[in-house]
Amino acid sequence: MKSILSNLLILVTTNQVGSRLDFTNPSVLLIVRVVFAVFNFSTYLLIKHVKTKINASSDNGSFRYTVKNTKNTDGRLLFKTKPNKEYDLEQADAEIRSLCSSVAVVMFLHTTMNYNMPLVMQCVFPLKQALESAVVQVNLFGKEASGKLQRPYGSYQQMRQGFQTRVLKREVEKNPR
């Protein structure tokens, strides 16, 4: 709930700031473009830093999970085992892909349709999303990978819809660091 309220606050604030900007002035438009580029590049650098921390870590733990509605020919659930390091690197790569796709959409809206408000609104959201992601929380801020941050990571919406992969608590293998 806290994330939803902060997203709403950011949306309203950026909308108010954007409505007060004079986008007909080329220097204002250039400043907004530069701020957009700086925020998104800093988000990219943050995720790359997380990837280097993951590669440098000595987390040899693994976890066993099953994807919902995945069964073998016998009708039993299929289990997969994945090392924490490999999974975290995949999640960091997914964050980078998400960042690139949002930048591509905003650039399309800005260049072909001459929309300027997405530049203002998408300055803060990618950085906020990266800072709140589970892979950054666990690997950069050193939070314990338990509870909401337990692997496999999933968003709140996925949990509500039932698409999140299930982790069997008795199957989690932890190795000391």
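For the structure given in this document, a descriptive report is provided here. Quick caveat: nothing in here was measured; it's all calculated off a predicted structure. Sequence order as written defines the numbering, with residues in each chain counted from 1. Side-chain atom pairs in this predicted model are given and counted only at pLDDT of 80 or more, local residue features only at pLDDT of at least 70, and totals for whole chains, interfaces and linings cover all residues. Each side-chain value is worked out from all heavy atoms of the structure, with water and hydrogens disregarded.

What makes a salt bridge here is a side-chain nitrogen of Lys or Arg within 4 Å of a carboxyl oxygen of Asp or Glu, nothing more. A complete count under the given rule lists five salt bridges for this structure. In this structure, Glu132 and Lys128 form a salt bridge, with 3.0 Å as the shortest nitrogen-oxygen distance. Of this pair, Glu132 and Lys128 both sit in helix 5 (residues 125–132), four residues apart, which is roughly one turn of that helix. A relative accessible area of 11% means that Lys128 is categorised as buried. The network of salt bridges with shared partners includes Asp59, Asp88 and Arg151. By the criteria applied, helices consist of DSSP H or I runs no shorter than four residues and strands consist of E runs no shorter than two, each listed in order from the N terminus. Throughout, exposure labels follow a simple rule: accessible area from a 1.4 Å probe, protein chains only, divided by the maximum for the residue type, with under 20% read as buried, over 50% as exposed, and the rest as partly exposed.

Helix-helix packing: each pair is described by the crossing angle between the helix axes and the interaxial distance. To define axes, lines are fitted to C-alpha atoms, for helices over the stretch in contact only, and angles between the resulting N-to-C directions are given on a 0 to 180 degree scale. Put simply, helix 2 (residues 26–56) and helix 3 (residues 84–111) touch, their axes get as near as 9 Å, and they point 170° apart. Considering the angle they form, helix 2 stands roughly antiparallel to helix 3. Contacts from Leu29, Arg33, Phe36, Asn40, Thr43, Tyr44, Ile47, Lys48, Lys51, Ile54 and Asn55 in helix 2 reach Lys85, Asp88, Leu89, Ala92, Asp93, Glu95, Ile96, Leu99, Val103, Val106, Met107 and His110 in helix 3. Each residue is assigned to one class: nonpolar for Ala, Val, Leu, Ile, Met, Phe, Trp, Tyr, Cys and Pro, charged for Asp, Glu, Lys and Arg, and polar for all the others, Gly among them. Among the residues making up the contact of helix 2 with helix 3, the classes are represented as 12 nonpolar, four polar and seven charged. Under this scheme an angle from 65 to 115 degrees is roughly perpendicular, one under 35 degrees roughly parallel, and one over 145 degrees roughly antiparallel; angles in between are oblique. We call two residues in contact whenever any of their non-hydrogen atoms come within 4.5 Å of each other.

The next subject is the environment of Gly18. Structurally, Gly18 is set in helix 1 (residues 2–20). On the basis of relative accessible area, Gly18 is assigned to the buried category, the value being 3%. On a C-alpha basis, the gap between Gly18 and Met121 in space is 7.9 Å, while along the polypeptide they are 103 residues apart. Beyond its immediate stretch of four places on either side in the chain, Gly18 contacts Phe23, Met117 and Val120.

Now for the nonpolar core. Within this scheme, the nonpolar core is defined by two criteria: the residues are buried Ala, Val, Leu, Ile, Met, Phe, Trp, Tyr or Cys, and they are joined through side-chain atoms within 4.5 Å. Counting 17 residues, the largest nonpolar core has Ile47, Val50, Ile54, Val135, Val138 and Tyr153 as the members making the most contacts within it. For this core, the secondary structure elements donating two or more residues are helix 2, strand 1 (62–66), helix 3 and helix 6 (134–139). Leaving out residues up to four positions away in the same chain, Ile47 has contacts with Ala92, Glu95, Ile96 and Ala130. In this structure, Phe23, Leu29, Val32 and Cys123 belong to the second largest nonpolar core, which totals eight residues.

Along the polypeptide, Asn139 turns up in helix 6. One polar contact links Asn139 to Asp88, side chain to side chain, over a distance of 3.2 Å. Whenever a nitrogen or oxygen atom comes within 3.5 Å of another N or O atom, the pair is scored as a polar contact, on the condition that within protein one atom can donate a hydrogen and the other can accept it, and that pairs from neighbouring residues in sequence are kept only if both atoms are in side chains.

Following both chains from N to C, one finds helix 2 and helix 5 inclined at 20°, their axes separated by 8 Å at the closest point. Judged by the angle between their axes, helix 2 and helix 5 are roughly parallel. In terms of crossing hand, the pair formed by helix 2 and helix 5 is left-handed. Mapping the contact onto sequence places Phe39, Asn40, Thr43, Leu46 and Ile47 in helix 2 and Pro126, Leu127, Ala130 and Leu131 in helix 5. With the far helix as reference, a near helix turned anticlockwise by less than a right angle produces a left-handed crossing, and one turned clockwise produces a right-handed crossing.

Across the chain, the bulk of peptide bonds are trans and the bulk of non-glycine residues have phi less than zero. Following Arg151, the chain continues to Pro152 via a peptide bond in cis, the omega torsion being -5°. Take Pro152: it is sitting in the loop between helix 6 and helix 7 (156–161). In the Ramachandran plot, Asn114 falls in the positive-phi region, its phi being about 60° despite a non-glycine side chain. Tracing the chain through its elements places Asn114 in the loop between helix 3 and helix 4 (117–121). By relative accessible area, which is 58% here, Asn114 ends up exposed.

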